[in-house]
Amino acid sequence: MLYEATEHGTEYVFGDSITSITEDPGGVEVTFEHAAPRRFDLVVGADGLHSNVRRLVFGPEERFVRHLGLYLAVFTMPNHLGLDRAALGYRTADKLVTVYSARHNTEAKSVFYFGSPPLEVDRHDTGAQRRILTERFAGSGWETDRLLDWMRDAPDLYFDSVGQVRMDAWTRGRVALLGDAAWSPSALTGMGTGLAIVGAYVLAGELAAARGDHQAAFACYDTIMREYVARCQKIGDGVAKMLVPGNRVAVALLNRYYALIPYLPGKKLMAKMARRTAESVNLHNYPRGISDSGVFPA
């Protein structure tokens, strides 16, 4: 949707990657794997948990990404359970398998979680990832073996560690980080997309308000987003152990807890937490600003 809304006023280049970023007082020189070098006023790295821009400008990933003890896999499959805007889950010690309907119930998504310390696996090697999932989940019960059969042929398998990005600063010079590259709260929170959209709005708005003064804009961007990011990340703290307990007793207790949620006094706690998190950021109605290179949209 964002691409379709901006494609006529924005230059998009697909299938390339940044190889170096060199800043001088007047701008930033950027080199690419395939395209010729180019010069920009600012560089914004919005390239995810394993951000290449963050690595080039701020340092190795290991300094900023905190592993939460889980791995996650998602893929598309037929809606063979006939789910109607619903989801089913199956939990065993150190494992969770869920299936939910998608695209108006015409297909389904399967999600696998498993507990593990960091693994030595290339995140681009889908063959190795399929083998890991098969070894971990085969024979686990319920629909798991059938889901693994669909996983082996799924064209869209996503496999990655579950982690949060913690940084003291999201900007350096003329470079800013945005979204998961800056503050990934992890898939456990359900806040990643919202954080990215809010962050983009604030960053663009502050650049407009500062009329292109990136130093002033970056400082305000950090101030406005810092508490909101912290609250969103806090949602993920401790969720890993609750989501995928490490032993059968804990699994049994957690399943019982979920069964009782509708009857417990604290059943509205999650809604209250979400509301307090949302209220921790104040979004302004930004003006439209002009820079030497064009218009910063409001």
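For the structure given in this document, a descriptive report is provided here.

Rules behind the numbers
- Residues numbered from 1 in each chain as written.
- Predicted model: local features only at pLDDT ≥ 70, side-chain atom pairs only at ≥ 80, totals over all residues.
- Heavy atoms only, no water.
- Buried < 20%, exposed > 50% of the residue type's maximum accessible area, 1.4 Å probe, protein only.
- Helix = DSSP H or I, 4+ residues; strand = E, 2+ residues; numbered from the N terminus.
- Arc of directions from axis to C-beta.
- Contact = heavy atoms within 4.5 Å.
- Pairing = 2+ DSSP bridges.
- Core = buried A, V, L, I, M, F, W, Y, C linked by side-chain atoms within 4.5 Å.
- Axes fitted to C-alpha atoms, helices over the stretch in contact; angles between N-to-C directions.
- Patch = residues over 30% accessible without salt bridge, like charges linked within 9 Å, V, L, I, M, F, W, Y side chains within 5 Å.
- Areas by Shrake-Rupley, 256 points an atom, 1.4 Å probe, with all protein chains shown as cover.
- Salt bridge = Lys/Arg side-chain N within 4 Å of Asp/Glu carboxyl O.

Time to look at helix α4 (residues 144–153). Among all positions of α4, only Thr 144, Leu 147, Leu 148 and Met 151 are buried. Summarising the axial view, the buried residues of α4 lie within an arc of 105 degrees, below the 170-degree limit, and thus occupy one face. Each element contacted by the buried residues of α4 is listed here: β5 (65–77), β6 (87–92), β7 (95–102), β8 (107–115) and α3 (126–137).

With that settled, the discussion passes to the sheet that holds strand β10 (residues 171–172). Strand order across the open sheet formed by three strands is β4-β11-β10, with mixed pairing between neighbours. In this open sheet, the two strands that pair with only one neighbour each are β4 (43–45) and β10. Bridge count between β10 and strand β11 (residues 175–177): two bridges; the pairing is antiparallel. Across the sheet, the residue bridging to Thr 171 is Ala 176, located in β11.

Moving on to the side chain of Ser 186. Looking at the element boundaries, Ser 186 is found in the loop between α5 (180–183) and α6 (192–209). Ser 186 gets classed as buried once you look at its relative accessible area, which sits at 5%. Those residues in contact with Ser 186 that sit more than four places away from it in its chain are Leu 68, Val 162, Gly 163 and Gln 164.

Ranked by internal contacts, the top residues of the largest apolar core, which has 35 residues, are Ile 21, Val 53, Trp 170, Trp 183, Tyr 221 and Met 225. Going through the elements one at a time, β1 (18–24), β2 (27–32), α2 (52–58), β11, α5, α6 and α7 (214–236) are the ones with two or more residues in this core. It is α7 that provides the largest number of residues to this core, a total of eight residues. With residues up to four places along the chain from it excluded, the contact list for Tyr 221 reads Trp 170, Thr 171, Leu 177, Leu 178, Trp 183, Gly 199, Val 202, Leu 203 and Glu 206. With 21 residues, the next largest nonpolar core counts Ala 73, Phe 75, Val 99 and Phe 114 among its residues.

A few words now on the sheet that holds strand β9 (residues 158–165). Spatially, five strands are ordered β6-β7-β8-β5-β9 in an open sheet, and the strand pairing comes out antiparallel. Because the sheet does not close on itself, it has two edges, and the strands there are β6 and β9. In this sheet, neighbouring strand axes are inclined to one another by 20 degrees on average, regardless of whether the strands run parallel or antiparallel. The pairing of β5 with β9 spans eight bridges and is antiparallel. Across the sheet, His 67 pairs through a bridge with Gly 163, a residue of β9.

Turning to a nonpolar patch on the surface, a few remarks are in order. A grouping of Tyr 3, Tyr 12 and Phe 14 is seen on the molecular surface, where their side chains present a nonpolar patch of about 340 Å² in accessible area. Structurally, Tyr 3 is set in helix α1 (residues 2–6).

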